[in-house]
Amino acid sequence: MNLERDKFLIEQLGECWHEWEQQIPGRNRFTCKICQAITMSHNFKLGHMIKADYPENIDLSTWQGFGKLKELLDKKELLFDLIEWNLENIDPMFHKIAIIELFTKEKFASTVYEFLKNNNN
Ligand SMILES: [Zn+2]
């Protein structure tokens, strides 16, 4: 997970990069300080203490994240531009392998990030 990248991309998607706040210390109910979303997190007993897991924002270098980024590019009609941009400084002999590499989880997330940062769309 790359926090700076994922926060930027989630905001590009028009979604909230949640900042969770625990409502009652030790309890598993969290509210987002920004959008007021509420989530329950799995908790477990640890001796007499109840420890609540802090909910996390999406990691975009997963297949779930890949799907979200693909939707973002489709919505902005930028998938073709992204592929072209990604191939700009690559010898045509290596274009096929570069495209295959692009469609891997981590590479796709970081390329979409660099592309959107540099192209200001
Ligand atoms: Zn939120």
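Residues numbered from 1 in each chain as written. Predicted model: local features only at pLDDT ≥ 70, side-chain atom pairs only at ≥ 80, totals over all residues.

A. The arrangement of helix α2 (residues 63-76) in detail. Between the first and last C-alpha of α2 there are 20 Å, a value that for 14 residues agrees with the 20 Å anticipated at 1.5 Å per step. Looking at α2, one finds that the buried residues are Gly-65, Leu-69 and Leu-72. Taken end-on, α2 shows its buried residues confined to a sector of 55 degrees, consistent with a single buried face. α2 presents Trp-63, Gln-64, Gly-67, Glu-71, Asp-74 and Lys-75 as exposed residues on the side facing more than 90 degrees away from its buried surface. The first or second residue beyond α2 is Glu-77, which carries a positive phi of 55 degrees. (Helix = DSSP H or I, 4+ residues; strand = E, 2+ residues; numbered from the N terminus. Expected span 1.5 Å × (residues − 1). Buried ≥ 20, exposed ≤ 12 C-beta atoms within 10 Å, placed from the backbone. Arc of directions from axis to C-beta.)

B. Summary view of the sheet that holds strand β1 (residues 20-22). The three strands are arranged β1-β2-β3 in an open sheet whose pairing can be described as antiparallel. For this open sheet the edge positions go to β1 and β3 (38-40), each flanked by a neighbour on one side alone. Going from strand to strand, the sheet's axes swing by 35 degrees on average, the running direction of each strand aside. As paired elements, strand β2 (residues 29-32) and β3 share three bridges and run antiparallel to each other. The partner of Thr-31 across the bridge, within β3, is Ile-38. (Pairing = 2+ DSSP bridges. Axes fitted to C-alpha atoms, helices over the stretch in contact; angles between N-to-C directions.)

C. Spatial organisation of the packing of helix α3 (residues 79-87) against helix α4 (residues 95-102). The N-to-C vectors of α3 and α4 enclose an angle of 125 degrees; their axes lie 10 Å apart at closest approach. Of the possible angle classes, the one that applies to α3 and α4 is oblique. For the pair α3 and α4, the crossing hand works out as right-handed. Where α3 abuts α4, its residues Ile-83, Asn-86 and Leu-87 lie against His-95, Ala-98, Ile-99 and Leu-102. Taken together, the residues of the contact of α3 with α4 break down into five nonpolar, two polar and no charged. (Parallel < 35°, antiparallel > 145°, perpendicular 65-115°, else oblique. Left-handed = near helix turned anticlockwise from the far one by under 90°. Contact = placed C-beta atoms within 7 Å. Nonpolar A, V, L, I, M, F, W, Y, C, P; charged D, E, K, R; others polar.)

D. Fine view of the nonpolar core. Listed in full, the eight residues of the largest apolar core are Leu-9, Leu-60, Leu-69, Leu-72, Leu-82, Phe-108, Ala-109 and Val-112. When residues of this core are traced back to their parent elements, those giving at least two are α2 and α5 (105-119). For this core, the element with the highest residue contribution is α5, accounting for three residues. Not counting residues up to four positions away in its chain, the partners in contact with Val-112 are Leu-9, Leu-69, Leu-73 and Leu-82. (Core = buried A, V, L, I, M, F, W, Y, C linked by C-beta atoms within 7 Å.)

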